[in-house]
Structure formats: C-alpha cells, structure tokens
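# Structural overview
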Amino acid sequence: MNNYNETESIEDIRKWQRELYELEKYAVSGRGMTQERMDKNVKELLDPNFNNILLEEAKVHKQKLLKDLEWTEKRIQYLINQIEEVNNKTK
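Residues numbered from 1 in each chain as written. Predicted model: local features only at pLDDT ≥ 70, side-chain atom pairs only at ≥ 80, totals over all residues. Heavy atoms only, no water.

Counting its regular elements, the protein chain contains three helices and zero strands. The secondary structure elements of the protein chain, listed N-terminal to C-terminal, are α-α-α. Taken against the 2.2 N^0.38 rule, which gives 12 Å for 91 residues, the C-alpha radius of gyration of the protein chain at 30 Å runs more than 25% over that of a compact globule. Taking the principal axes of the C-alpha coordinates as reference, the protein chain spans close to 90 × 50 × 15 Å. In the protein chain, which comprises 91 residues, the share counted as buried stands at 1%. Accessible area of the protein chain: about 9200 Å², with a carbon and sulfur share of 56%. Treating the 16 positive side-chain charges of the protein chain as one cloud and the 18 negative ones as another, the clouds have centres 9 Å apart. (Helix = DSSP H or I, 4+ residues; strand = E, 2+ residues; numbered from the N terminus. Rg over C-alpha atoms; globule rule 2.2 N^0.38 Å. Buried < 20%, exposed > 50% of the residue type's maximum accessible area, 1.4 Å probe, protein only. Areas by Shrake-Rupley, 256 points an atom, 1.4 Å probe, with all protein chains shown as cover. Lys, Arg positive; Asp, Glu negative; His and termini not counted. Charge placed at Lys NZ, Arg CZ, Asp CG, Glu CD.)

Rendered as structure tokens:
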C-alpha cells in the first residue's frame, strides 16, 4: 500500500517535501517575537550599560527575596511557638 495519493507524482511529493523543509527552518514554538521586541533586545544588548542595568535588577530582586525570607522565618517561628504552646497545655 502506498503512503501517498496515487494521483500525485513522486516529483510533486519531493517538491512539497522541499517546501516543508524550507518552512521548518523558521519554525518556532510559542509566540513569535515582534520586530519591536527584537529591536529592543538588540538595543539593550548593544547598550554599554546593559550589564549595570541587569545588576541593579538582580539587586532589587535579591532584596525582595530577602524580605520574603524574613517573613517566612517569622512565620515558621510563630508556628513553632503555637505548636509548643499547644503541647505545653496538653501536658
């Protein structure tokens, strides 16, 4: 049994296969990047201060994480205290 329509010639199939391979060169998953976004990315990469900008963003992110960590540590201590209090009452 053939894997193609018998009315199609082998040359037609090869032509379509070449077209498919050509299209696959540009295949991407997800959303494509707009020209505006590509221009912005190139501009950022060429900016001599780009690493400084990234450094500042990383520092801000670090501060947020430290603040979240501090809250989490306080929450853990509060819960430990609550558990100990309940355990002391049941003794």
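Back to the write-up after that little detour.
What follows covers the environment of Asp47. Position of Asp47 among the secondary structure elements: in the loop between helix H2 (35–46) and helix H3 (50–90). Note: C-alpha distance between Asp47 and Gln82 (35 residues apart in sequence) is 53 Å.

For the rest of this paragraph, the subject is the pattern of salt bridges. Under the criterion given, the structure shown has eight salt bridges. Glu19 serves as the salt-bridge partner of Lys15, at 4.0 Å between the closest nitrogen and oxygen. Taken together, the residues span about one helical turn, with Lys15 and Glu19 both in helix H1 (residues 10–24) at a distance of four residues. Taking relative accessible area as the criterion, Lys15 reaches 41% and is therefore assigned partly exposed. One salt bridge in this structure joins Lys74 and Glu70, with 3.4 Å as the shortest N-O distance. Here Glu70 and Lys74 lie together in helix H3, a separation of four residues that amounts to about one turn. Taking relative accessible area as the criterion, Lys74 reaches 53% and is therefore assigned exposed. (Salt bridge = Lys/Arg side-chain N within 4 Å of Asp/Glu carboxyl O.)

Mapped onto the elements of the fold, Arg14 is located in helix H1. For the pair Arg14 and Leu55, spaced 41 residues apart in sequence, the C-alpha to C-alpha distance is 52 Å.

Let us now look at the confidence of the model for the protein chain. On average, the protein chain scores 88 in pLDDT, and the residues at 70 or more come to 92%. Taken element by element, the predicted model of the protein chain shows its lowest mean pLDDT in H1 (89) and its highest in H3 (96). (pLDDT = per-residue confidence, 0-100.)

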